[in-house]
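Chains, contacts and geometry: an overview
Listed here are the chains, written in short residue letters.
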Amino acid sequence: MKGKTIILGITGGIAAYKGAALCSKLVQAGFDVHVIMTENACQFITPLTLQTLSRNLVYTDTFDERDPAVVSHIDLADRADLILVAPATANTIAKMANGLADDMLSTTLLAATCPIVVAPAMNVHMYSHPAVIRNIQLLAERNVRFIAPETGQLACGYVAKGRLAEPESIVASISDMLREGASKPLLGKKVLITAGGTVERLDPVRYLTNDSSGKMGFALAAIARDYGAEVTLVMGRTSERPPDGVSLVRVESAQDMLKAVLVRYPQSDMVIKSAAVADYRPVMRADKKMKKSGDRLVLELEKTTDILQTLGEQKTKQYLVGFAAETEELDRYAMDKLQRKQCDLIVGNDVSQEGAGFNSDTNIIRIYDKDGIVESLPLLSKLETARRIIALAAERMANREAGKAGR
Ligand code: CTP
């Protein structure tokens, strides 16, 4: 990242102290880092710390003009290849959404034409407040990228979503975003990703579904997008916000997902099937709400079509990546699925392990090809896990296209 200029905006939340680690990692990655701190950020960490780590002057006041040859906030905005606001408080996000410019950071953000990345950190109730959700949506529509906070111990005592993403993860994300066009490994490629759980209706108000949150599929979509791909995300039921910059197709049942995927399959270069698809659906679906009757109710279920297997059978050029969520004998079941569904890679995870479950922010995976385990990864954030999966799949696909052996 030599020669790239980053403005790191640090705002006034307790996670401001992590700004120091973030700044240090950005410098280590080769960025020329210029820090702007809000007045409130200076309550948590001193400008001197950031000056020492960034080896550049730290800006805190719009009117503290130190070079008569330039107007600082315009000069900084013009020089930046990217502005990263981390941690971003609800207040700063609101100011950005409304175009306020009442301090050095907000003024510089308004003057910037480069990509802007925001890593929020706040209390879980603040993060889920409708005003904050609306402000994030508004900014996402203006192409501001968000690095979602993680779940963990918050300073206020809650164990919940709102903790600043890990500095390593933030640095890796923005490095991916700033890769030059030629080195974006998936530039010009169409990547189709499925995420979330399917919904099989019993009647208009009741359904069968599963615990999938969609987090893994969303992380894969965000990384594939940063690698330059044109991403289509076919999503079932999820509780999460999908990433921006990808085409969204919302589906409900396994049958809907099958149709949505098949129609896009011929033109896709890579397909990643991270959705948790129902294996069975009710044989009968009532048009009206079912009334209670008798002490027992027997539901008859029928098998759904296996989407991944269908894709495997119809494969022409596509690079196919499947998932296998198991609670026992991971290697055996994952390899069996890889062969049965004709995948190029399969990502196996033992969902009974702590930190690898359906709803967590982390995962522990093993990646297999036809010869066995290719990579066995430790506990990582889903974003980092996604990066490893996409990097491997992109490399393998490129090798195959170049006519080389797959490994
Ligand atoms: N899958 C699919 N269509 C289905 C069922 C599963 O495309 N009807 C895909 C999933 O998206 C995943 C892979 O197949 O990529 C493995 O899913 P999993 O539920 O682990 O496997 P199953 O084949 O359903 O086998 P089992 O439930 O017996 O473990």
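Residues numbered from 1 in each chain as written. Predicted model: local features only at pLDDT ≥ 70, side-chain atom pairs only at ≥ 80, totals over all residues. Heavy atoms only, no water.

On to the packing of helix H8 (residues 167–177) against helix H13 (residues 382–401), then. Running from N to C, H8 and H13 cross one another at 40°; their axes reach a closest spacing of 10 Å. Comparing their axes, H13 and H8 come out oblique. Viewed along their axes, H8 and H13 form a crossing whose handedness is left-handed. Seen from H8, the contacting residues are Ser169, Ala172, Ser173 and Asp176; seen from H13, they are Leu383, Glu384 and Arg387. Class assignment of the residues belonging to the contact of H8 with H13 gives a composition of two nonpolar, two polar and three charged. (Axes fitted to C-alpha atoms, helices over the stretch in contact; angles between N-to-C directions. Helix = DSSP H or I, 4+ residues; strand = E, 2+ residues; numbered from the N terminus. Parallel < 35°, antiparallel > 145°, perpendicular 65-115°, else oblique. Left-handed = near helix turned anticlockwise from the far one by under 90°. Contact = heavy atoms within 4.5 Å. Nonpolar A, V, L, I, M, F, W, Y, C, P; charged D, E, K, R; others polar.)

The next subject is the packing of helix H9 (residues 215–226) against H13. Where H9 contacts H13, the two axes come as close as 8 Å, and the packing angle between them is 55°. The pairing of H9 with H13 is recorded here as oblique in orientation. Regarding H9 and H13, the two cross each other, and that crossing is right-handed. Together, Lys215, Met216, Ala219, Leu220, Ile223 and Ala224 of H9 and Lys382, Leu383, Thr385, Ala386, Arg387, Ile389 and Ile390 of H13 make up the contact between the two elements. For the contact of H9 with H13, the class distribution of residues is nine nonpolar, one polar and three charged.

The subject of this paragraph is the domain arrangement of the chain. Split into domains, the chain comes out as domain 1 (5–182) and domain 2 (190–406). Taking the mean C-alpha position of each, domain 1 and domain 2 sit 33 Å from one another. Taken together, the contact pairs 17 residues of domain 1 with 12 residues of domain 2. Three residues, Arg145, Ser169 and Asp176, lead the burial of domain 1 against domain 2; their summed loss comes to 36% of the area buried on that side. Taken together, the connections running from domain 1 to domain 2 amount to four salt bridges. Between Glu240 and Lys161 there is a salt bridge whose closest N-O contact spans 3.5 Å. Counting across the domain 1 and domain 2 interface gives four residue pairs in polar contact (both at pLDDT 80 or more). Elements represented by at least two residues in the side of domain 1 that touches domain 2 include exactly helix H7 (130–141), strand S5 (145–146), strand S6 (150–153) and H8. (Domains from an automatic or database assignment. Buried area = accessible area lost by both parts, 1.4 Å probe. Salt bridge = Lys/Arg side-chain N within 4 Å of Asp/Glu carboxyl O. Polar contact = N/O pair within 3.5 Å; in protein donor to acceptor, adjacent residues only side chain to side chain.)

Glancing now at the site of the ligand. Residues in close proximity to the ligand total 16 residues, the closest being Lys273, Leu308, Phe323, Lys337 and Lys341. In this structure, an oxygen atom belonging to the ligand sits 2.8 Å away from a main-chain N or O atom of Ala275. Here an oxygen atom of the ligand and a side-chain polar atom of Lys337 are 2.7 Å apart. In isolation the ligand offers 570 Å² of accessible surface; the protein chains occlude 77% of this area. Per-element accounting of the shell around the ligand gives the leading share, four residues, to strand S16 (residues 319–326). (Near = heavy atom within 4 Å. Areas by Shrake-Rupley, 256 points an atom, 1.4 Å probe, with all protein chains shown as cover.)

Here we come to the packing of aromatic side chains. Applying the stated criterion across every chain yields a total of zero aromatic pairs. Across from the ring centre of Tyr59, 5.2 Å away, lies the NZ or CZ of Arg66, which sits over that ring. (Phe/Tyr/Trp six-rings, centres within 6.5 Å; stacked < 30°, edge-to-face > 60°. Lys NZ or Arg CZ within 6 Å of the ring centre and 35° of its normal.)

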